[in-house]
Amino acid sequence: MFDYIRTNISNPQFLFAVFAAIAVFATVLTATSLLFERDRLGARIKAVALEREKIRARERARLAQEQKRASLRNEAKPYMQQIVDRFNLKKALADDGTNNRLRMAGYRGQAPLVIFLFARLVLPIVFLAPTAFYMFFVTKWDQPNAIKFLICLAAAYAGFYAPNLYVSNVISKRQTSIRRAWPDALDLLLICVESGMSAEAAFRKVSEEIGGQSIALAEELTLATAELSYLQERRQAYENLAIRTGLEGVKSVTTSLIQAERYGTPLGQSLRVMAQENRDQRMNAAEKKAAALPPKLTVPMILFFLPVLFGVIIGPAAIQVIHARGGH
């Protein structure tokens, strides 16, 4: 078997068959993964509760002065931390925008940053080494070495930006989940505020109720509740919520909450208006996707549906013609 693979590894037909098998396996795995997906709400809520306790410990330590800041998550592997410190990757590859993007993706503390920087250093080598081995020692492409070298550089470039693509994908999924559940959360928040609850109690209640619809939003509201309880400036807690989500709808609500804290204005009317605006935005986004569906279906219909349709229509006539000619 290994001899067969070694002799055919540079054969385009063999590679096409292997990639096709991988694609079919990935499609089947994706389709069946929903059947085996577990409910992670309980574990995530427990993790958020643990993070809240760690936030409390951190704020008490900060108010007591001169104590080391507690981490929200477990530390990274020691060798990762050593490599990041040795090459000073935090200064070379990280800034405030990197930290904000990791928080928007749900990764908080120093450990995710260390892992992210370590991945950006290691993945180019991981992508480059097998690509160079395949291009220069396995395949027998009749191409100049400069072309092969450019392909290797492209693989290293892809490895360098692969962590950014992963974080961007996680941020997109997280924002989509929050955006869909945010109008309902505003309605619940409005009910809680008009019933006489404080901001902390309202956020806590909404985080408990909205978890079944969006785990990410429940997590962010729970963290906002913890920060409202222990930060010296409540405005900072609202601003942190807007930064962690990165959504304009959340930012407008937090701005209204900050103004209400500052000037003592009622929140009921503003929350009702913003809830309706967010619902309208969600409906507009759904209508936009529905309107873009026909152009997107044009190419698949031409490539897959029309040939089959022509085969079904013309096939019987072609068979009759063939039999008629064979009869003569």
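Whatever comes next refers back to the structure up there.
Read on for an overview of the structure.

Calculation notes
- Residues numbered from 1 in each chain as written.
- Predicted model: local features only at pLDDT ≥ 70, side-chain atom pairs only at ≥ 80, totals over all residues.
- Heavy atoms only, no water.
- Helix = DSSP H or I, 4+ residues; strand = E, 2+ residues; numbered from the N terminus.
- Buried < 20%, exposed > 50% of the residue type's maximum accessible area, 1.4 Å probe, protein only.
- Contact = heavy atoms within 4.5 Å.
- Areas by Shrake-Rupley, 256 points an atom, 1.4 Å probe, with all protein chains shown as cover.
- Axes fitted to C-alpha atoms, helices over the stretch in contact; angles between N-to-C directions.
- Parallel < 35°, antiparallel > 145°, perpendicular 65-115°, else oblique.
- Left-handed = near helix turned anticlockwise from the far one by under 90°.
- Nonpolar A, V, L, I, M, F, W, Y, C, P; charged D, E, K, R; others polar.
- Expected span 1.5 Å × (residues − 1).
- Core = buried A, V, L, I, M, F, W, Y, C linked by side-chain atoms within 4.5 Å.
- Bend = angle between axes of the 7 residues up to and from the residue.

**Regarding the overall build of the protein**
- From N to C terminus, the protein includes 14 helices and zero strands.
- Per-residue burial over the protein gives 30% buried out of 328 residues.
- For the protein, the proportion of contacts with a sequence separation of at least 24, taken over those separated by at least 6, is 64%.
- Accessible surface, the protein: about 21,600 Å² in total, of which carbon and sulfur atoms supply 63%.

**Details of the packing of helix α4 (residues 78–86) against helix α7 (residues 110–138)**
- Their axes nearest at 9 Å, the elements α4 and α7 cross at an angle of 70°. In terms of orientation, α4 lies roughly perpendicular with respect to α7. Crossing angle aside, the handedness with which α4 passes α7 is left-handed. Only Val114, Ile115, Leu117, Phe118 and Leu121 of α7 make contact with α4, whose side of the interface consists of Tyr79, Met80, Gln81, Ile83 and Val84.
- A per-class count over the contact of α4 with α7 returns nine nonpolar, one polar and no charged.

**Describing helix α8 (residues 145–194)**
- The first and last C-alpha atoms of α8 sit 72 Å apart over 50 residues, in line with the 74 Å expected at 1.5 Å per residue.
- Taken from the residues just after α8, Gly196 is the one with a positive phi, measuring 105°.

**Quick word on the nonpolar core**
- Formed by 33 residues in total, the largest nonpolar core has its most connected members in Trp182, Leu186, Phe203, Leu217, Leu221 and Leu271.
- It is α8 that contributes the most residues to this core, eight residues altogether.
- When sequence neighbours within four positions are dropped, the list of residues in contact with Leu221 reads Trp182, Phe203, Val206, Ser207, Ile210 and Leu241.
- With 17 residues, the next largest nonpolar core counts Met80, Val167, Val170 and Ile171 among its residues.

**Looking at α7**
- A rise of 1.5 Å per residue sets the reference length of α7, with its 29 residues, at 42 Å; its end C-alpha atoms lie 41 Å apart and thus fit the reference within 8%.
- At Val122, α7 shows its largest kink, close to 30°, and the proline Pro124 lies no more than four residues downstream.
- What α7 keeps buried is the set Ala111, Pro112, Leu113, Val114, Phe116, Leu117, Phe118, Ala119, Arg120, Pro124, Met135 and Val138.
- Among the structural elements, α4, α5 (89–93), α6 (96–104) and α8 are those in contact with the buried residues of α7.

**Quick word on the packing of α6 against α7**
- Relative to each other, α6 and α7 sit at 110°, their axes nearing to 10 Å. Comparing the axis directions of α6 and α7 gives the class roughly perpendicular. The two elements α6 and α7 cross, and the hand of that crossing is right-handed. Taken together, the residues of α7 that come into contact with α6 (itself represented by Thr98, Asn99 and Leu102) are Pro112, Leu113 and Phe116.

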